[in-house]
Each structure stands twice: as C-alpha cells, then as structure tokens.
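Next come the chains, spelled out residue by residue.
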Amino acid sequence: MASNGAIAATLAPPPPPARPRVMVVGSTLAAAASVMFFMGLVGIYLALRADSLTQGESWLPDDAVISLVPANMLMLTMLISTVPALWAVQALGRGDRQHAYLALGVTLLLAVAFINQSTYLLATSGLTVSTTSGLLIFAIVGGHLVMTVVGLLFFAVAAFRALSGQYRRIADGPAAATVYWFATVAVFAVIWYAVYVTK
Amino acid sequence: MTVTETRPESLEEAAAAGAVGALPSGPAPLLPPAPPEGFAGVLATAEHKVVGRLYIGFSLLFLLGGLVLAELVAVEGVDLQTLNVLDADTYFQILTLSQVGVFFLGLMPLLLGVAIHVVPLQVGSATIAFPRAAAASFWTWLVGALLLVAGYGINGGPGGGDPEAVHLTLAAWGMVLAALLLGVICVVTTVLTARPEGMSLKRAPAFAWSMVAGGSVWLLALPVLGANLALVYLDDAHSRILFGQADNVWPQLSWVFASTAVFSFAVPVLGVAADVIPVMAGRRQARYPVGLGLIAAFAVVGFGAHHQTFFNPRLVEQGAFVGASFALLLVLLAFLGGLGDVLRRGRPRIASPLMLAMPAVLLLLGAAAAAAAYSVRGFKLFGTTWGLGVTKLVVGAIVLGAAAALHYWGPKVWGRMPAEPLGRLNALVLLGGAVLYGGSDLVSGAIGQPTTPVTGVATVVEDGAELLNGLGAVGGALLIFGVLLLIVAHLPAAFGQGRRAAADPWGGFTLEWATASPPPHGNFIEPLPAIGSPYPLLDARDATAPAIDALGARSEVV
C-alpha cells in the first residue's frame, strides 16, 4: 500500500501549458500599429523627396541645417536605452527590487535626454512648416516625440505597478512596455536614416 | 485603475469564492469584470457583451444615416448636368461624409461590435482581453463619431468652408480611427491568448480567425490613413502648401475606399460565411485550415495602404496593383469552392443566415472580378464610374454579411429570436439593392461614363448614364430599406420581446453555442467540451448519439 501511495505521489498531473502573456501581445499589436503610422509618414516623405530631386529641385531649404553629430547622438541614446529597459524586466522577474529601480531610473533618464536632444535639434535646424520638407520633418520627428513620451509613461507606470504587486506575473507590464519601447527605438532608427542621414 | 490592468487574483480563487461558475477546461487567464447594474452600470460597464450590443446598436443607426446621405448623392446623379437637390459645396461634403459614415461609423464598428460580443464566446473565454479598453474604445468611437458629424454640420469636412470645423472633422476622424483600432486590439489579443487547451489557431472558429486576419490588416493599414490625416491637419492649420490645399485633401484620404484597400473591410464577412454555411448545411468544412488560409490570404491582398494614387498617379500601370487585384479574385474563387462543397455534401436549411451569408460572398466575388477588370489597362476603366461600382458592391456585400452575422448570432446576443421571416425577406431586399447599387455604376463605367467631379456636375454624360444612375438610386433606396428591416427584425429582441432563444437554436458547431442565450456573467458555467477539432460541439454530439440522422439531431432548431 505504501508503494502504491509512493507511485501515486509520483504520478502528479503535468502543469498547465504556459499561456501567451496578454499584455505583451496587446502591446505588440499597439506597437505594430504605431510603427505603421510612421512608415506611412516616412513613405510619403521619401516619395516626395524623390520627386523633388528628380525634377532637379533641392529638397531642404538652403538655410536649413540638420547636423549629423547630434542626430547620431540621438540614435546612440536610443540604442543604449534598450539595455536598461531589458535589465529592468529581468530584475523584476528575479524579484531584485534594487536593480529594478536602478534600471528603471536609467531608462527614464535616457528617454528624457532623448526628448531634450531631439527638441533642441529641431529648434536649431532652421526648418519651418511653410515648406513641404519642413512640414514632413516636423510631423515625423514631432510624432516620434509623442511616441517616445507615451512609451516613457507606459514604462514608468508599468514598472511602478509591477513593484507594487499589481500584476499576476510581476514582469508582464514592464515586458509589454519594453516591447513598445523597442518599437520606438526601431522607428527612430528608420527616421535617423531617412531624415537625418539621407536628408 | 488603468485600461491595461489584469486583476492579481487567479480565476481559480474567484471560482472558489463563487464569483464565476465552474471553470472551462484548461487554464483561463481572463477574469470577467463585475456585471453592470442599472443605467449607470451600463455607462461604466466593461462587460464585453454589453459593449458589443452598444456598438451594434449605434453603428446600425450611423449606417442608416450614411446610406441616406449616399442616396442623396445618388439622386443627384439622375441629372448629371445640374444640381437639383444640393449646392456644389454641400454636394462634396455630403459625398465625403457618406463614405466616411458608411465605413467608419457604420460597417466597421458593426462588425467590430459583433466580434466584441461573439469572439470571446467562440474561444471559450470568460471575457475579452482588456475589457476596460474595449469599453473605452466604444465611448471614444461614439464621441468621435458625434464630433465628426457635428463638424460637418458647421461647414467642416474636407474642403469645408470653416477652417475650425475642418480641423474638428479631421481630428474627430482620427479619434474614430484610434478608437476602432483599440477595439480591434482587444479582439485580436483575445483570440491569440485566451483560447482553451486543444484549440490551436488552426482549430479556431472561422469568424474569430477572420477577425485576427482582418484586424491585423486594419492595424497595419489604417494607421497609414492616420498619417495622411495628420499631414492634412498640420498643413491645413499652417501654410496649406500641399496636403492641406482644398483640392488635395480628399484624394489623399479616399484611397481607403478604393480597390484594393476597400476589400480589407470585408474580411470578417468571409469568417461569418465560413461559420454559418457549414452549420446551415449540417456538414463539416473539408480542409478547414485551407479555408482559414484563404481568409488570411484575402486579408493580406486587401492591405492596400500603398495604393495611394495621390502620391503614385501611375498606380494602375504597376504590376503589383494588377497582381493584387487578380489575387483577390482567385482567393475568393477558391474560398467559394470550399463553401460550395459543404453545401453540396449537406442538406442546407433555407434560413436567414444562409440566405444572407451566401449572397454576401457571391457579391464579394463579383466585386473582386470587377476590381480585376479595373486593373487591366486595355479595358480603359480607370477614371470611370467602374471603380465606384466596385466600392458599392463591397458595401453591399458587407451589409449582407453583417446582416447574416446578426441573424445567426442574434439569439446569442439578445437572448431572443430575431424575426426570421423579416430576415428571409431582407436577404432578397439587400441582394437586389446591392446589385442595383453597384451594378449600375459598373455598367455606366463600361459605357465610358467618367467619374462625376466633386462639384456634382458632369461635363461628359454618356447615353444611358443618367438612367443607370437612377437604377443605382433605386438600389440605394433598397439598401436603406434593408437596413431598416434589419433594425426592425432585431429591435424587439434587443428589448427583451419575442420568443426566447434556446442555447443552441441552429445546432451550432462552435463553443459559443455551449452556453445559455444570452450567456451568464463569466460566459460559461458548464465545463467546456474537449477541443479536438474546429467543431467541438459537433464532435460531442457525434460521440454521444452517432446513430441519429443529421436532421434529427437538430430537432431544436428553428
């Protein structure tokens, strides 16, 4: 009888299959929609730019200056910000609150720095909305700033809610926010090349 | 409380506390929100069934309004050389509002409302993913829709006379878009994350799958429309150098109503047909994953956001456009072949869902064939009314498909049976109306009638074009009558009148029929049957009573 009990004890049912995380899937869909918004803008930008150059006209106004060095710094800032974002998700998953707070703080700091750099670059570029190129660049860069602010707020809210124990799986919210943040970085990579590098 | 919150306690704990009934088989991660109580409860509800009903009700009203406006435009076409009813500015505003209203205030939210109600039931979920987001989607859409209509009312809309009103309508349209996409995210996430054990995506119900496919394309294509709206808004608010110039606004935005993008709105219609027709025929669909693949292919080909003639005037000369147009036709032919095979093997019941669903797919096939012809340069149809005819046939197909969905799932939605005789009559009314509505423009285009300018006055009038426009106006009137019939057929049921619906009045095959009509809070009380195929209820019936004839097994049916 004891051996039957031992056998029964070893025949426990398998654990239920892991489910896709609801917030991560939802965030991925929202990120995809956001990416397509910018692909539409960038597509129009590139199409009109190609038309303008084909007709022998200059695309940017003569007095406009879009420096590449600040733009490269923006790209590096975004790329670097992906590391503490992932670190925050990992730290939360391990229950390491101290490192989670640190990673969260670094991510938010880099995001704020990006917003600051980007607005300064736009303000000193000499572009205005009275030209087609200027309007498009303001729309693209301004729209991306909005996306960055949304991603920053999403990340902050998700991380603090995770730290206060609001999620069934602690890293769900920050993981979802990280997906959106990665999309923000990917969109900026396209903008960096199409607008700042190609000009 | 944010719209993204998931409650920390598990569903198991909630079941132990008696908050929900017995759990469905397999882990279910989504916890239903509290049931609404009273009018204030309805306003604040996050219950997906209530949100779905709200979407259905309001979108039917807006659809009716949009079709009435389109009818005004059609009536003006009876005399193409003068404007008899509207002046030139009003004509253009009515034209644009009718198209925006029909698609974004009528058809798309109607299909989304049915999906918000039905899809969680189809996948055996206790609720929809992000229920508060779904509720926020509806209220944002409603406010945006009212602002859009109000903006037009104060001389707004593309090319409107009041700049502030123009900005209001553009912003409101963007608000409507964002709200609809939020609702789509909720539906798609539900299908991807809340299916029970054993229900792989290959076994997902066709309508749920079609919402994933169509919803994914909407999530990719409609933000591009949002980008167009943003550019128009910014330019109109500042210098009007290009995008914001009055003559340029509508050409930048109207691509979504033209081939091939317009077909993306019809993807859920294929899902409705693929769910309805096997049940009405009493037979499983053979090669079910192929059918799902065809629905996905139709969605992919209907993407269309890159088919913007304002930025690409030589679109119709490009192979990609021609290829996409013919691909739509081939995919639909294959899909129709699968449905035809089901009907051939089964004993179809002549009930309103079948009478509405089958013509919807046939109309869509006709529209796809017309779109393929439109893309052939040799036919010289570009710039004629043929293109408008394609759009109108798609509108007719979606109206028929939505009506099929409402008559099929109506018992589940309202808990009462909709008027079946009105449904059968409506199939004839809507089909006749759609054929006249779209077919008249196809014939008109075939005889070379150019698209009517935005002023409403044509400089070239081919012989017979005005007569054809008159027939089109008759078709539009029939469509309006059909939508009225649809509302009348469902209104008593919506207010708790009429015959109570059984849990499974059609002998359905999928999980939504495994619960009461209407479903209780938490959707499912009894444990769900094991999922071993796309048709779990049919499997359960076959396992318990294999000797019963298919007709006999449906003794409870209408």
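Nothing here was measured: the structure is a model prediction, and the numbers come from that model.

Let's talk about the nonpolar core
Stage number 1. Tyr196(A), Phe104(B), Trp141(B), Trp173(B), Phe263(B), Phe298(B) and Trp409(B) are the most contacted members of the largest nonpolar core, which totals 248 residues.
Stage number 2. Take this core: its biggest share by element is 20 residues, from helix H4 (residues 88-122) of chain B.
Stage number 3. Setting aside residues up to four positions removed in sequence, Phe104(B) forms contacts with Pro109(B), Trp141(B), Trp173(B), Val176(B), Leu177(B), Leu180(B), Leu222(B), Leu225(B), Val256(B), Phe257(B) and Phe265(B).
Stage number 4. Ranked by size, the runner-up nonpolar core spans five residues in total, among them Ala91(A), Ala100(A), Ala162(A) and Leu163(A).

Focus: a nonpolar patch on the surface
All names here are of chain A.
Stage number 1. Residues Val69, Met73, Leu76, Leu79 and Ile80 make up a contiguous nonpolar surface patch of roughly 470 Å² in combined accessible area.
Stage number 2. On the secondary structure map, Leu76 appears in helix H3 (residues 68-94).
Stage number 3. Judged by relative accessible area, Leu76 falls into the partly exposed class, the value being 44%.

Observations concerning the packing of aromatic side chains
Stage number 1. Tallied over the full model, the rule gives 29 aromatic pairs over all chains.
Stage number 2. Seen from their ring centres, Phe37(A) and Phe38(A) are 5.3 Å apart, and the 85 degrees between their planes marks the pair as edge-to-face.
Stage number 3. Overall, Phe37(A) belongs to the partly exposed group, its relative accessible area being 23%.
Stage number 4. Here Phe207(B) and Trp409(B) contribute two aromatic rings whose centre-to-centre distance is 4.9 Å and whose plane-to-plane angle is 40 degrees, an arrangement assigned as tilted. One end of the pair, Phe207(B), is in helix H7 (residues 206-237); the other, Trp409(B), is in helix H13 (residues 386-414), with 202 residues separating them in the sequence. Per residue, the accessibility class of Phe207(B) equals that of Trp409(B), and both read buried.
Stage number 5. An aromatic cluster is built from Tyr55(B), Phe58(B), Phe62(B), Phe138(B), Trp139(B) and Trp141(B), whose rings are joined through pairwise contacts.

Observations concerning the environment of Gly65(B)
Stage number 1. Its location among the elements puts Gly65(B) in helix H3 (residues 48-76).
Stage number 2. With 36 residues separating them along the chain, Gly65(B) and Gly101(B) place their C-alpha atoms 7.6 Å apart.

Concerning the confidence of the model for chain B
Stage number 1. Mean pLDDT over chain B works out to 89, with 92% of the residues at or above the 70 mark.
Stage number 2. Low pLDDT (under 50) marks residues 548-558 of chain B, which in the prediction has 20 contacts with non-local residues, meaning those over four places away or in another chain.

Calculation criteria
- Residues numbered from 1 in each chain as written.
- Chains lettered and ligands numbered in written order.
- Predicted model: local features only at pLDDT ≥ 70, side-chain atom pairs only at ≥ 80, totals over all residues.
- Heavy atoms only, no water.
- Core = buried A, V, L, I, M, F, W, Y, C linked by side-chain atoms within 4.5 Å.
- Buried < 20%, exposed > 50% of the residue type's maximum accessible area, 1.4 Å probe, protein only.
- Helix = DSSP H or I, 4+ residues; strand = E, 2+ residues; numbered from the N terminus.
- Contact = heavy atoms within 4.5 Å.
- Patch = residues over 30% accessible without salt bridge, like charges linked within 9 Å, V, L, I, M, F, W, Y side chains within 5 Å.
- Areas by Shrake-Rupley, 256 points an atom, 1.4 Å probe, with all protein chains shown as cover.
- Salt bridge = Lys/Arg side-chain N within 4 Å of Asp/Glu carboxyl O.
- Phe/Tyr/Trp six-rings, centres within 6.5 Å; stacked < 30°, edge-to-face > 60°.
- pLDDT = per-residue confidence, 0-100.

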